[in-house]
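Per-entry structural report
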Amino acid sequence: MGFITRWFEGIDWDKIWLDSVSKIISVIILIILYFIFSWIGRKLIRSFFRKYRSQQMVSESRAKTLEGLVLNVFGYIMFFTFAILILQNFINVTAIIASAGVASLAIAFGAQGLVSDVVTGFFILLERQLDVGDSITLEQVNGNVETLGLRTTQVRDFDGTLHFIPNRQIMIVSNHSRGNMRILVDIRIAPTADAEQAMTIIKRVCEQEKAMNKNIVDGPTVLGVQEVSATNTVIRVMGKAVNGEQFEVQRNLLKDIREELVRNQIELPLSYLAPLEPGK
């Protein structure tokens, strides 16, 4: 007991108290500086990309992609830098890093997935496979790219679900937002209807639609009769529309063609219902 008492009395409590207060103040200052520098850095990055977007040769989606990436990298750098500065107040971080040895090797093996994510993300950006806002298909995931980072890609599904996909798992990218998109409309008329007259009417509607709709890039062109069956005759129309507007163009084209066919008394196919036989 005497030894413990002497040891306890020999402790310089004033020095410990001063050191603790000093470290706490240092940590608080570092945390405040972290938020200040993060706010300033993000503000400067966003300001830079606002000017970057004003350049006519730069697309909005590409500017958003690069802005998100730079903010992502900046956030990682700020976090790890200030984490090391805070730890430096309690332990000798330099000595630990220098003497990591086998532990660092084990961490390196464990971080293979992270390294693969970063490398894959770098080449996705370099090759411009994706941009923010692109409509894409990644195997079973369909949606729009919301964020493209060095480690993960975020895709918002059409039902609202947000998917976080590690970059190393991106094998095949189907990008639906590059170039003009095809429009394809199949118009069905009754098998007894005059197909030549129907095609003449459809051509007239297509010409009117092209003159009025600025989203139509090419055509639409009546290809002719695509299919003949006992229940209907299919006339196919094909063209090209501005990316992202193809479905709206298809819907309007189909509606206007149907209305014009009805106005000109072109018979449309009716669903066939089998009569019920007695006793069934």
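What counts and how
- Residues numbered from 1 in each chain as written.
- Predicted model: local features only at pLDDT ≥ 70, side-chain atom pairs only at ≥ 80, totals over all residues.
- Heavy atoms only, no water.
- Patch = residues over 30% accessible without salt bridge, like charges linked within 9 Å, V, L, I, M, F, W, Y side chains within 5 Å.
- Areas by Shrake-Rupley, 256 points an atom, 1.4 Å probe, with all protein chains shown as cover.
- Salt bridge = Lys/Arg side-chain N within 4 Å of Asp/Glu carboxyl O.
- Helix = DSSP H or I, 4+ residues; strand = E, 2+ residues; numbered from the N terminus.
- Core = buried A, V, L, I, M, F, W, Y, C linked by side-chain atoms within 4.5 Å.
- Buried < 20%, exposed > 50% of the residue type's maximum accessible area, 1.4 Å probe, protein only.
- Contact = heavy atoms within 4.5 Å.
- Expected span 1.5 Å × (residues − 1).

**Some thoughts on a nonpolar patch on the surface**
Among the surface-exposed residues, Ile24, Ile25, Ile28, Ile29, Ile32, Leu33, Ile36, Phe37, Trp39, Ile40 and Leu44 lie close enough to one another that they form a single nonpolar patch of about 1000 Å² accessible area. Its location among the elements puts Ile24 in helix α2 (residues 13-53).

**Overview of the nonpolar core**
With 18 residues, the main nonpolar core has Ile187, Ile189, Ile202, Val237 and Leu261 as its most contacted residues. Elements supplying a minimum of two residues to this core: β6 (181-189), α7 (195-212), β8 (233-241) and α8 (246-263). A total of 6 residues in this core trace back to one element, the largest contributor, which is α7. Apart from residues lying up to four places away in sequence, Ile187 is in contact with Ile202, Thr233, Val234, Ile235, Val237, Leu254, Ile257 and Leu261. One finds Ile124, Leu130, Val141 and Leu148 within the second-largest nonpolar core, a separate group that totals 12 residues.

**Describing α8**
Compared with the 26 Å implied by 1.5 Å per residue over 18 residues, the 26 Å span of α8 between its first and last C-alpha is a close match. On its buried side, α8 packs onto β6, α7, β7 (216-228) and β8. Count one or two residues on from α8 and you reach Gln265, which has phi positive near 60°.

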